[in-house]
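Residues per chain are reported as follows:
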Amino acid sequence: MKIIPRYCFYTVLYLCFIGIVSPLQGQDLIVQPPNWWQGMQNSSLQLLVHGNAIGKSEVSLLDPDNLKVQIVSVEQAESLNYLFINLDLSQLTQAGQVVFQFDFGGRRPSWSYTFEFKDRQQNGADFVGFDQSDVIYLITPDRFASGDSSNDLIESMAEAKLDRSAEGGRHGGDIQGIINHLDYLNDLGVTAIWPSPLLVNDMESYSYHGYAITDYYTVDPRFGDLDKYIELADAMRKRGMKLILDGIVNHCGIRHWWMQDKPFSDWVNNPGDYVWTNHRRTTHVDPYASEVDKDRNVSGWFDRSMPDLNQRNPYMATYLIQNSIWWVETLGLGGIRQDTYPYPFPEFLSDWTCAIMNEYPNFNIVGEEWSYNPLIVAQWQTGKADQLGSCLKTVMDFPGQGNIIQALNDTLGWNLGFHKVYEGLANDFVYANPQDLMVFLDNHDMDRVYTQLNESLDLTKMALTYLATIRGIPQMYYGTEILMSNKGYSGNHGVIRTDFPGGFPGDQVSAKDKIGLTAEQKEMQDFTKSLLNWRKEQTTIHHGKLMHFAPMDGVYVYFRYTDAHKIMVVFNKGDEEVNLDLANYKELLNSHRAIKYFDNSDWSIAPSSLNAPPGATIYEFK
């Protein structure tokens with residue numbers, strides 16, 4: 001081993017201190033986004049550059065491929081370790097590379113960084129987002145399936161080890177596990193998958209859920225890498241399935257690399273003292289709301305471990321917008337689900353959604369507004385005259401979720417039972433486009449639907465029939481098809497997000513392979529497969545109109561229809577078959593010949609009546 005004289009060691013330390021010799025080299029630069037594309041509608045690009053004292057450098061651009069990329073400006077941050085480079089791409093017509101040169105005026109060696117512009121795989125208009133023809137399957141990746149044991153232990157991560165016995169610990173699911181289940185999901189009738197975030201969450205605990213991102217451009221190595229994420233997207237495309245990104249623009253993880261060296265003092269809200277959000281999302285529309293309450297909602301932290309991003313800072317806003325576009329382009333996404341939608345600043349949400357939809361006019365974004373008041377939810381959807389200014393096409397139908405669960409659990413009565421659904425749907429007039437609502441029965445933040453319905457197979461079948469036939473875009477949670485439950489652990493997220501049977505080594509029960517399932521689980525799985533695959537072909541369900549009839553004696557009826565086709569859905573909460581007088585539905589029925597699903601029996605119905613069995617029944621009228 002070569003010994004360095006002590007005086008030389010201290011000389012180097014001194015030169016590093018005064019900035020003549022840098023302890024870092026060019027490879028320690030962080031440039032985000034790491035690449036871009038030619039042919040984008042927006043011809044501007046802003047690069048965030050982070051490196052030791054990079055703010056002291058002079059920036060020049062070498063253009064060996066003659067891409068005609070121009071530097072418009074180089075802007076310094078408060079921290080000398082950042083620069084923001086604004087580029088003009090208006091003359092960029094081909095793929096290639098440019099080289100950024102960072103010159104420190106002889107005080108230390110220059111740095112260089114090669115930046116790539118790629119060819120786009122498809123035009124922006126060809127990115128088709130999820131819509132009413134889809135069935136979306138929500139997955140918590142860590143709890144779904146493990147397909148690669150090599151990423152089970154990543155020593156460099158703050159939470160490195162697996163512990164499947166810990167409700168809040170990592171269980172080892174990964175991207176390869178999802179890939180291994182694609183055929184199962186495709187056969188089930190699923191057409192789109194929404195995995196909760198797959199980006200790096202280098203947090204010390206509860207990192208499994210993914211909602212405390214520590215680098216917006218890096219896949220969590222415990223799930224895989226960028227190539228594996230792209231492989232998932234490609235494998236889904238081959239099966240005609242769409243991949244939805246779970247995005248978070250409201251907050252990051254406290255261990256995000258920039259939290260140790262923020263470019264600006266206002267990069268996050270309340271940086272010096274943790275202030276919790278008041279969750280008063282109504283302040284966006286409340287005519288009497290105080291400014292202090294409004295600000296506390298949007299600038300307070302969602303959690304002590306999740307710093308609140310300040311989208312009023314223009315550099316932060318641009319960073320988040322470009323990051324979302326980068327992922328759409330990189331993965332060929334079929335949509336974005338935006339977490340905690342009402343918590344960022346509304347003006348930013350408008351800029352963010354509109355930038356994405358302008359680049360991808362046939363795309364779709366759904367925002368999470370967890371409110372059971374449709375007046376609040378409706379304010380975020382684009383097209384409403386007095387809406388909050390965003391280009392958000394889809395919102396989550398929390399009001400509808402609450403109504404169908406209560407309707408199925410309630411006893412009969414004038415204001416109970418299916419009257420909750422009937423009156424709830426009557427509120428659709430407040431939405432600009434109710435057919436674009438995302439409808440669901442449960443998700444990763446609430447008790448599983450089977451648990452909510454007191455573990456009743458019959459009621460769960462009725463709920464899924466409603467989900468598959470009502471207006472909107474249906475989303476189901478993984479494991480609903482095999483009656484996964486969190487009974488006895490109401491509200492416990494670790495149990496709600498429990499492991500998918502058969503997804504992990506040593507599992508004795510496998511949903512995918514139909515091993516060890518109970519008779520009821522098999523029945524529900526077969527029912528789900530029949531229902532979803534039937535729905536896949538029903539354009540009347542996707543795009544038809546809705547007409548419903550006031551519930552009577554525990555029976556609720558609605559039609560999905562076009563001029564040429566009519567589908568009748570009958571819900572009977574009673575224990576006995578009910579005779580329906582078809583004269584009540586004569587404004588839609590001009591034929592009494594029907595197909596009853598799913599036994600495909602051809603019914604020549606008596607001219608005046610139809611016998612509806614208990615549960616949910618679907619009829620197609622010819």
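As the structure is a computational prediction, the values presented were derived from the model and not from experiment.

1. Describing the packing of helix H9 (residues 398-409) against helix H10 (residues 419-426)
Where H9 contacts H10, the two axes come as close as 7 Å, and the packing angle between them is 160°. In terms of orientation, H9 and H10 fall into the roughly antiparallel class. Residues Asn 403, Ile 404, Gln 406 and Ala 407 of H9 lie in contact with H10, whose contacting residues are Lys 420, Val 421 and Gly 424. Residues belonging to the contact of H9 with H10 are distributed by class as follows: 3 nonpolar, 3 polar and 1 charged.

2. Quick look at the environment of Ile 154
Of note, Ile 154 is situated in the loop between strand S9 (136-139) and helix H2 (175-180). For Ile 154, a relative accessible area of 17% puts it in the buried group. For the pair Ile 154 and Gly 402, spaced 248 residues apart in sequence, the C-alpha to C-alpha distance is 41 Å. Those residues in contact with Ile 154, other than ones at most four positions away along the chain, are Ala 160, Pro 221 and Arg 222.

3. Observations regarding the packing of aromatic side chains
By the definition in use, this model includes 47 aromatic pairs. Aromatic pair Phe 84 and Phe 264: ring centres 5.9 Å apart, planes at 25°, arrangement stacked. Of the two residues, Phe 84 sits in strand S6 (residues 82-88) while Phe 264 sits in the loop between strand S11 (242-247) and helix H5 (291-299), which places them 180 residues apart along the sequence. Ring centres of Tyr 217 and Trp 326 lie 5.1 Å apart, and the angle between their planes is 75°; this geometry places the pair in the edge-to-face category. With a gap of 109 residues between them, Tyr 217 in the loop between strand S10 (192-195) and helix H4 (226-238) and Trp 326 in helix H6 (residues 314-331) connect regions that are remote in the sequence.

4. Brief notes about the environment of Ile 567
Considering the arrangement of structural elements, one finds Ile 567 in strand S19 (residues 566-572). Taking the C-alpha atoms as reference, Ile 567 lies 8.0 Å from Ile 541; in sequence the two are 26 residues apart. If we skip the residues at most four places from it in the chain, Ile 567 touches Trp 534, Gln 538, Thr 540, Ile 541, Tyr 558, Phe 559, Arg 560, Ile 618 and Tyr 619.

5. Brief notes about the pairing of strand S3 (residues 44-50)
Taking burial as the measure, the 7 residues of S3 include 6 buried ones, the bulk of the element. As defined by bridge partners, S3 adjoins S6 across 7 bridges and the pair is classed as antiparallel. Paired with Leu 45 across the strands is Leu 87, a residue of S6.

6. Points about the sheet that holds strand S5 (residues 70-76)
Strand order in this open sheet of 4 strands is S1-S3-S6-S5, and the pairing throughout is antiparallel. Each having just a single partner strand, strand S1 (30-32) and S5 make up the two edges of the open sheet. Taking the axes of each pair of neighbouring strands and ignoring which way they run, one obtains an average angle of 20° across the sheet. Contacting S1, S3, S5 and S6, H6 runs over the sheet at an angle of about 110° to S3.

7. Things to note about H6
Each α-helix winds once per 3.6 residues, and so residues spaced three or four apart point in a common direction. Over its 18 residues, H6 runs 26 Å from end to end, which matches the ideal 26 Å to within 8%, given 1.5 Å per residue. Most of H6 sits out of view: 16 of its 18 residues are buried. The backbone nitrogen of Tyr 315 lies 2.9 Å from a side-chain oxygen of the residue at the head of H6, namely Asn 313. Backbone geometry just after H6 places Gly 332 at a positive phi near 65°.

8. Some remarks on the sheet that holds strand S2 (residues 35-37)
Taking strand neighbours across the sheet as the criterion, the 4 strands line up as S2-S8-S7-S4 in an open arrangement whose pairing is mixed. Because the sheet does not close on itself, it has two edges, and the strands there are S2 and strand S4 (58-62). For this sheet, the mean inter-axis angle between neighbouring strands, taken without regard to orientation, is 25°. Strand direction decides the pairing type here: S4 and strand S7 (residues 96-103), joined by 5 bridges, are antiparallel. Bridging across to S7, Glu 58 finds its partner in Asp 103.

Reading the values: rules and limits
- Residues numbered from 1 in each chain as written.
- Predicted model: local features only at pLDDT ≥ 70, side-chain atom pairs only at ≥ 80, totals over all residues.
- Heavy atoms only, no water.
- Axes fitted to C-alpha atoms, helices over the stretch in contact; angles between N-to-C directions.
- Helix = DSSP H or I, 4+ residues; strand = E, 2+ residues; numbered from the N terminus.
- Parallel < 35°, antiparallel > 145°, perpendicular 65-115°, else oblique.
- Contact = heavy atoms within 4.5 Å.
- Nonpolar A, V, L, I, M, F, W, Y, C, P; charged D, E, K, R; others polar.
- Buried < 20%, exposed > 50% of the residue type's maximum accessible area, 1.4 Å probe, protein only.
- Phe/Tyr/Trp six-rings, centres within 6.5 Å; stacked < 30°, edge-to-face > 60°.
- Pairing = 2+ DSSP bridges.
- Expected span 1.5 Å × (residues − 1).
- Polar contact = N/O pair within 3.5 Å; in protein donor to acceptor, adjacent residues only side chain to side chain.

Note that all results are geometric; they support no functional claim without further evidence.
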